[in-house]
There are 2 protein chains.
Amino acid sequence: MGVVCALAVSPALAQTVPLPSWNDGPAKQAIETFVQKVTDPESKDFVAPENRIATFDNDGTLWVEKPIYVQLTFALDRVKALAPEHPEWKDKQPFKAVLEGDMKTVAASGEKGVAELVMATHAGMTPAEFQKIVSDWLATAKDRRFDRGYTKLVYQPMLELLSYLRDNGFTTYIVSGGGIEFVRNFSEPVYGILPAQVVGSSIKTKYEVVDGKPTLIRLPEMNFVNDKTGKPIGINQHIGQRPIAAFGNSDGDYQMLDWTTSGEGPRFGLIVHHTDAEREYAYDRDSSVGRLDKALDDAPAKGWVVVDMKNDWKQVFPPEE
Amino acid sequence: MGVVCALAVSPALAQTVPLPSWNDGPAKQAIETFVQKVTDPESKDFVAPENRIATFDNDGTLWVEKPIYVQLTFALDRVKALAPEHPEWKDKQPFKAVLEGDMKTVAASGEKGVAELVMATHAGMTPAEFQKIVSDWLATAKDRRFDRGYTKLVYQPMLELLSYLRDNGFTTYIVSGGGIEFVRNFSEPVYGILPAQVVGSSIKTKYEVVDGKPTLIRLPEMNFVNDKTGKPIGINQHIGQRPIAAFGNSDGDYQMLDWTTSGEGPRFGLIVHHTDAEREYAYDRDSSVGRLDKALDDAPAKGWVVVDMKNDWKQVFPPEE
């Protein structure tokens, strides 16, 4: 009976041809070789399933991050939606610029300005209310260039990679610089990743009994920035184990890749290099969003696989429904 | 084949008689009734497996917390072990009192004193080094009264409850006021709970490249106190879902129980009441460790099940090996 059941859940049946949207080439080959060796009980590189931890950046690794992060688009749309309740925003930067569609001034407001926009739009409600706001927005908002909702602008080859790893006993985590409760909103239906398997940046939350009901309220104060050196720290805090595989696309993922692949035993690091201006975008060193510079330089020495989106991926997005 | 496989992993086979160390009575009955209704697809109270989240306090709920928390015993032992490297401790409180075995003065140093002891013994190393220190200690340290290692002073009925819930599709989490990396050290071998499923208090960690190697270093600075109102906040941050069942033993678990059981749909709250001075300890309202007062008063109105350890448990600890 054991054998029958092992067959019933075998990767072979779950996904007959793994990674169908990946062209044959060194990237696909490297992924398959790694998975085979860590799952083969006879291999010296065998890794027990509970240690098969794989972490994925989100923006630019699992979905489109250009021309600006989806979560920033959300914040801008929320500023517009909330403007009637905030007449003072008409005269207050960077809100004024958002309302006037003056993206140059918004950009010039820098990290501090963006933080103000995020706090004004992401705090002051319960996590459940925030989830509702995000999912209502995701249900209708569309990317202009592709005329698609954002959850349809995920990378089909990466969806297949997530499934392939899970079929082989991995636990897949998102480790995002984006907001943990923003990403949790869609991680399960879109990526098959449960809320508990999302690590991200966060604002503080307070507990309060309101009208006799225990309530959590999101506060306009940063709690943790899960980017750059914050990624290994967030992983250690949240997962409590060093991953054996990490997937990113920018220098914000450098430390996660470096920490992951410098552990003992078999390790895997992969960078999605955006080389496809026609089907998606082409950018790296000079990009303000998703800048990929040092990680690209160091990839060969570190043994990180660099995916050439244009050549390695048969298709970029899932087919239209 | 589907039917065969369902049988192969059915709870019936995994644990033929669930909860064997629980006496028949209202507590055991309430647990079984709850589990049956949330797992029965025909029940109006059915809960999908991904939402079957159960959270457990650790000290006093899963293992002994008297006469002082195990983690504090660890800290005291570490102070003694590290004393040769810290000659200044001979004249510095509360270290002096620890070295002289003057527990009255240690207790009088209060939370601030305990925090000093924790920082001096829990920080300044990598998480992996800390794990090694904790596991070496756990392998040899013994509780005086019971003459057993601390990981043998876990409650057999609660181990069975953890298994019973997991066999029924629940994910079980520890949500402890204790240190997250302390508890992670033994949670998997002792409770079957993976590191990622431990939520706890934490100190800050920094990322640094040391001799070319990415390294995390534990810092002597509090990051988060996962107790009282911190428990729902920690759960929300870490798990991202409100549990449907929560298990505690003290007022430190009040907010976790209250937040859990005030959600919509079927909910379950349980308090382990220490009523067994002979086999373990008897304490509640006046205890400095594990004080149970308000939660005990409010349990009937809140619908929380109160376990009477003396009468509800056939045995307290696992059998001697």
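K.L.:
Go over helix H8 (residues 127-140) of chain A, please, and point to the residues and values.
P.N.:
Spanning 14 residues, H8 of chain A covers 20 Å between terminal C-alpha atoms, matching the ideal 20 Å at 1.5 Å per step. Three or more residues of H8 of chain A are buried, namely Pro127, Phe130, Ile133, Val134, Trp137 and Leu138 of chain A. Projected onto a plane normal to the axis of H8 of chain A, the buried residues spread over an arc of 130° and lie on a single side. Of the exposed residues in H8 of chain A, the ones pointing more than 90 degrees away from its buried face are Ala128, Ala139 and Thr140 of chain A. The elements touched by buried residues of H8 of chain A are helix H4 (70-82), helix H7 (110-122), helix H10 (180-191) and strand S4 (213-224) of chain A together with helix H11 (230-238) of chain B.

K.L.:
How would you sum up the sheet that holds strand S1 (residues 53-56) of chain B? Please name residues and give values.
P.N.:
Residues and elements named next belong to chain B. Read across the open sheet, the seven strands follow the order S6-S5-S4-S1-S7-S8-S9; overall the sheet is mixed. Pairing within the sheet leaves two strands with one partner each, and these edge strands are strand S6 (213-224) and strand S9 (305-308). Along the sheet, successive strands turn relative to each other by an average axial angle of 30°, direction set aside. Here eight bridges tie strand S5 (residues 198-210) to S6, and the two strands are oriented antiparallel to one another. Looking across to S6, one finds that valine 210 is bridged to lysine 213.

K.L.:
Mind laying out the pairing of strand S7 (residues 245-248) of chain B, listing which residues take part and the relevant values?
P.N.:
Residue and element names in this part refer to chain B. Here S7 shows no split at all, with Ala245 and Phe247 on one side and Ala246 and Gly248 on the other all buried. As paired strands, S1 and S7 are joined by three bridges and run parallel to one another. The residue bridging alanine 54 from the neighbouring strand is alanine 245, located in S7. In the sheet, S7 pairs with strand S8 (residues 268-273) via four bridges, with the strands oriented parallel. Note on S8: the bridge partner recorded for phenylalanine 247 is leucine 270. For the handedness criterion, the β-α-β arrangement of S7, helix H12 (residues 254-261) and S8 is classed as right-handed.

K.L.:
Give a detailed account of the pattern of salt bridges, specifying residues and quantitative values.
P.N.:
One pass over the full model with this rule turns up 38 salt bridges over all chains. Note that aspartate 258 of chain B is salt-bridged to lysine 302 of chain B, the shortest N-O span being 3.0 Å. A residue pair is termed long-range when its members are at least 10 positions apart, and aspartate 258 of chain B in helix H12 and lysine 302 of chain B in helix H13 (residues 294-302) qualify at 44 residues. With a relative accessible area of 31%, lysine 302 of chain B lands in the partly exposed category. A network of salt bridges, in which partner residues are shared, links Arg285, Arg291, Asp293 and Asp297 of chain A.

K.L.:
Account for the environment of tryptophan 304 of chain A, with residues named and values stated.
P.N.:
All names here are of chain A. Summarising the element assignment, tryptophan 304 is placed in the loop between helix H13 (294-302) and strand S8 (305-308). Along the chain, tryptophan 304 and glycine 269 lie 35 residues apart, while their C-alpha atoms are 4.7 Å from each other. Among the polar contacts listed, one links the side chain of tryptophan 304 to the side chain of threonine 261, at a separation of 3.0 Å.

K.L.:
Describe in detail the interface of chain B and chain A, supporting the description with residues and values.
P.N.:
It is common to report an interface's size as the accessible area lost on association of the parts. Opposite the 34 residues of chain B that make contact, chain A presents 34 residues. Of the roughly 3,000 Å² buried where chain B meets chain A, counting both sides, 61% is carbon and sulfur surface. The interface formed by chain B and chain A contains zero salt bridges. Scanning the region where chain B abuts chain A turns up 13 residue pairs in polar contact (both at pLDDT 80 or more). Secondary structure elements with two or more residues in the side of chain B that touches chain A: helix H1 (2-8), helix H10 (180-191), S5, S6, H11 and H12 of chain B. At five residues, the largest contribution of residues to the side of chain B that touches chain A is made by H11 of chain B. Broken down by class, the residue content of the side of chain B that touches chain A amounts to 17 nonpolar, 11 polar and six charged.

K.L.:
Which residues make up the relation of the copies chain B and chain A, and what values go with them?
P.N.:
In the superposition of chain B on chain A (RMSD 0.0 Å, axial shift 0.0 Å), the rotation amounts to 180°. In symmetry terms, the pair is related by a two-fold rotation axis. Both copies present the same face, since 100% of the interface residues in chain B are matched by interface residues at the equivalent positions in chain A.

Scoring rules and cut-offs
Residues numbered from 1 in each chain as written. Chains lettered and ligands numbered in written order. Predicted model: local features only at pLDDT ≥ 70, side-chain atom pairs only at ≥ 80, totals over all residues. Heavy atoms only, no water. Helix = DSSP H or I, 4+ residues; strand = E, 2+ residues; numbered from the N terminus. Expected span 1.5 Å × (residues − 1). Buried < 20%, exposed > 50% of the residue type's maximum accessible area, 1.4 Å probe, protein only. Arc of directions from axis to C-beta. Contact = heavy atoms within 4.5 Å. Pairing = 2+ DSSP bridges. Axes fitted to C-alpha atoms, helices over the stretch in contact; angles between N-to-C directions. Right-handed = clockwise from strand over helix to strand, strands pointing away. Salt bridge = Lys/Arg side-chain N within 4 Å of Asp/Glu carboxyl O. Polar contact = N/O pair within 3.5 Å; in protein donor to acceptor, adjacent residues only side chain to side chain. Buried area = accessible area lost by both parts, 1.4 Å probe. Nonpolar A, V, L, I, M, F, W, Y, C, P; charged D, E, K, R; others polar. Least-squares fit on C-alpha atoms with pLDDT ≥ 70 in both.

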